[in-house]
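Architecture at a glance
The lines below spell out each chain.
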Amino acid sequence: MSKALTYRADIDTLRAVAVLSVVCFHFSKTWLPGGFLGVDVFFVISGFLITLILHREMNAGVFSFKNFYVRRMKRILPVFFVVVLTALVLGAMLFTPDDFAMLSRSALASVLFAANFYFARGQGYFDPAQEEKPLLHIWSLSVEEQYYFVFPILLLLVVRRSYREQMLFMALLMLMSLLAAYIPTGLDKYYLPHLRAFEMLTGSMLAVFVQQQTLAGKKPGEKTAACGSLLAGLILLACLWFYHPGMPYFPGWAGLVPCAATAALIYYNGFDHRFKKLFQWRPLVWVGLISYSLYLWHFLVLAFARYLSGTEHLPDAWLLPLAILMLICTLITYYGVEQPIKSWKPGFARSFAGFYALPAIMVAVAVAGFQQSAWIQEYRQQGLARADTSCHNTLHKKCVWGAEGEPPWVLMLGDSHADQYKTFIDAMGKKEGWSAKLVSADTCAFVRKYDARVLHNNASCRNVHQYADEHLAEYPIVMLAMRWGNQIKADKLSVGYDEQFFDKLDATLAHFAAENKTVYLFTDNPAIQYSALRAYKLQHNLPVWAPVRTLHKQDDNVDAGNAAMRAVAAKHGNVHIVDAQALLPDNFLFNGKPVYADLDHINPFADAELAKRYGARFSLLPSGLQTKQTQAAR
């Protein structure tokens, strides 16, 4: 076995395979279905190299946590902060206020090394919508850093024990990591550090094995190194091709195969053998050297490109220019940031201040500053972005809308398609002299005895139903608005889907009739194929790149959901249909401004316009009913 800490070009080749696999996968999942495994390869390499250094230093009695974290800060943070700050600048210029708010939260989570937990609370890693989030890939850095906050402490506890005890200890940790995949959680398991620990532990165990064999002067496997490395390489390539998103037992047991293949390549290529030159090809070695910068830049470039195109599949004409842009950004930070910093040798305090504290403050200041900038605020001031002043997902903001001084005797319940009507309700209530309380949560439909995943997984949805259970008796009028199409069988994958929803709606309306409640059901509005506000902002800020777009309806279940709702409503004399969405213009623009804040949420500006148009033709609450209900409420 060669010396443990000598430079190994084959490991940089392995890094190149890992980063190119990830880049290919993120360009298109069809190019290399298992390309996402490149991250797992990185984890094994990291576990091996860092444990090799830690183990040697701990055995020699020269290990220092300060020195270890100085090395980590120098290696990880400079380019990381350049990428995060670049994402914030571009995001402020191009993103809608809601999208920039999500980018800001992900940036702050990344700075705190908690990006994986932030993204684990949202959509799945492989969902198309995730591909527009410029900092999504930072989850892997967070996982790695979380590992290195804990692992050195654990290694220090056992490093002076026997080789057998060390290996047994790490094998036990690996087993715990693998078994943890069976523990139910409301988070996306793909991002969780304890489920990924076995991948870095694979490299760590290999490092301890190599150290022990080197000290003992043994070279097990040297004679079969050529066959071993070739076989391991073929297995890894097979995993990259045959694994796919949605792979069963991943992360978990299925991850053992590519991780073991990576560890075998690292081990066998530590010997000289006849295939060694295959793993030392200069172009691949060079890609391995720049792999960290390339990894950080590639996803940011692709995310912004997808944001501009509005499609999961990028136009073919964009692919080469995007690859060139990635390479340019990579070379700038590799030669302009990574390489110069290698020669700088500051102490822990200066490293912490220069590499982490000051850049982190810059990120926080950038987030706060851009949130208040004209790039973001002008769209909020015009009412073109979704307002976050309501008690949507919370009961601690403004819940009552309409005539001031009037006690609310109307309760509106539903999901975000109820919350979107707050400005409409506010205008109609002020015009007609009543007020309403709006209580809603994301994807949270309302019927009595509602049973959907969102209710079990989302506390804000449970709060909506709890409020209704406790306070419905106080309201003589109930308004319901939601994505009725989520309850169509064809859309049963929605977390808000309840298989018996329309039967329960029928029962709910009958229950309200028995309690002499008047009910208003709002028809749902259609989704469009490209975010309306995004198109509007890009047309103003990037007129060359983002020509005027015609906003088209998106094929979905809206019409079927509305029809099913109307069919149930027709059975009950106490139910009225509010079809305000029918007044939306075909081009989804009022006076040249978008009516949606995104793909399907009516913005406050359009709500006010709808109220004018609706109020000119109809009363939302007939005057006789208003008088009757006002007297009843008082």
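For the structure, check the block above.
I will try to describe carefully the structure that is included in this document. By convention here, each chain's residues receive numbers from 1 onward along its written sequence. In view of the model being predicted, local features appear only for residues whose pLDDT reaches at least 70, and side-chain atom pairs are presented and counted only at 80 or more, with totals across whole chains, interfaces and linings using the full set of residues. With hydrogens and water excluded, all non-hydrogen atoms of the structure serve as input to the side-chain values.

Section: helix 9 (residues 225-242)
Let me state the cut-off plainly: Put simply, DSSP marks the helices as runs of H or I at least four residues long and the strands as runs of E at least two long, and each gets a number from the N terminus on. Between the first and last residue of a helix there are one fewer steps than residues, each counted as 1.5 Å, and that sum is the expected span. When a residue's accessible area, from a 1.4 Å probe over protein chains only, is under 20% of the maximum for its type it is buried; when over 50% it is exposed; and in between it is partly exposed. Arc definition: directions from the helix axis to the C-beta atoms. Every residue pair with non-hydrogen atoms within 4.5 Å of one another is taken to be in contact.
The end-to-end C-alpha separation of helix 9 is 25 Å, in line with the 26 Å expected for 18 residues at 1.5 Å each. Buried within helix 9 we find Ala225, Ala226, Gly228, Ser229, Ala232, Gly233, Leu236, Cys239 and Leu240. Looking straight down helix 9, one finds that the buried residues subtend no more than 170° of arc, so they occupy a single side. Turned more than 90 degrees from where helix 9 packs its buried face, Cys227, Leu231, Leu234, Leu237 and Phe242 sit exposed. Contact partners of the buried residues in helix 9: helix 1 (9-27), helix 2 (38-60) and helix 10 (256-268).

Structural notes on the environment of Leu14
Along the polypeptide, Leu14 turns up in helix 1. Leu14 sits in the buried class, given a relative accessible area of 8%. Remark: the alpha-carbon pair of Leu14 and Leu533, spanning 519 residues in sequence, is separated by 43 Å. With sequence-adjacent residues up to four places away left out, Leu14 is seen in contact with Val41, Ile45, Leu236, Thr262, Leu265 and Ile266.

A word on the nonpolar core
Heads up, the condition is: Working definition of a nonpolar core: buried Ala, Val, Leu, Ile, Met, Phe, Trp, Tyr and Cys residues. They are joined through side-chain atoms within 4.5 Å.
In this structure, Leu88, Phe424, Ile425, Trp434, Met479 and Phe522 are the most contacted members of the largest nonpolar core, which totals 173 residues. If one sorts the elements of this core by residue count, helix 3 (residues 65-94) sits on top with 15 residues. With 34 residues, the next largest nonpolar core counts Tyr467, Phe502, Met565 and Val575 among its residues.

Observations regarding the packing of helix 3 against helix 6 (residues 139-158)
Between two packed helices, what matters for the description is the angle formed by their axes and the separation of those axes. Inclusion rule: All axes are obtained by fitting lines to C-alpha atoms, using only the stretch in contact for helices, and the reported angles, taken between N-to-C directions, cover 0 to 180 degrees. In these notes the angle categories are as follows: under 35 degrees is roughly parallel, over 145 is roughly antiparallel, 65 to 115 is roughly perpendicular, and the rest is oblique.
Interhelical geometry of helix 3 versus helix 6 gives an angle of 175° and a closest axis separation of 12 Å. When the interaxial angle is binned, helix 3 and helix 6 end up roughly antiparallel. For the pair formed by helix 3 and helix 6, the contact residues are Phe65, Phe68, Tyr69, Arg72, Ile76 and Phe80 on the first element and Leu141, Glu144, Glu145, Tyr148, Phe149, Pro152, Ile153 and Leu156 on the second.

So, the environment of Ile332
Secondary-structure assignment places Ile332 in helix 13 (residues 316-342). By relative accessible area, Ile332 is classed as exposed at 54%.

Structural notes on the pattern of salt bridges
Where charged atoms from two side chains of opposite charge come close, those side chains can pair. Applicable threshold: What counts as a salt bridge is simple: a side-chain nitrogen of Lys or Arg found within 4 Å of a carboxyl oxygen of Asp or Glu.
Tallied over the entire structure, the rule returns 22 salt bridges. Across the pair Asp600 and Arg483 runs a salt bridge, and its minimum N-O distance is 2.8 Å. One end of the pair, Asp600, is in the loop between strand 8 (593-594) and helix 23 (604-617); the other, Arg483, is in the loop between strand 4 (477-481) and helix 20 (501-514), with 117 residues separating them in the sequence. Judged by relative accessible area, Asp600 falls into the buried class, the value being 12%. For Lys571, the salt bridge identified is with Asp506, shortest N-O distance 3.5 Å. Of this pair, Lys571 sits in the loop between helix 22 (558-569) and strand 6 (575-578) while Asp506 is found in helix 20, placing the two residues 65 residues apart along the sequence. The exposure class of Lys571 is exposed, given its relative accessible area of 58%. Salt bridges sharing partners connect three or more residues here, namely Lys29, Glu131, Arg306 and Glu312.

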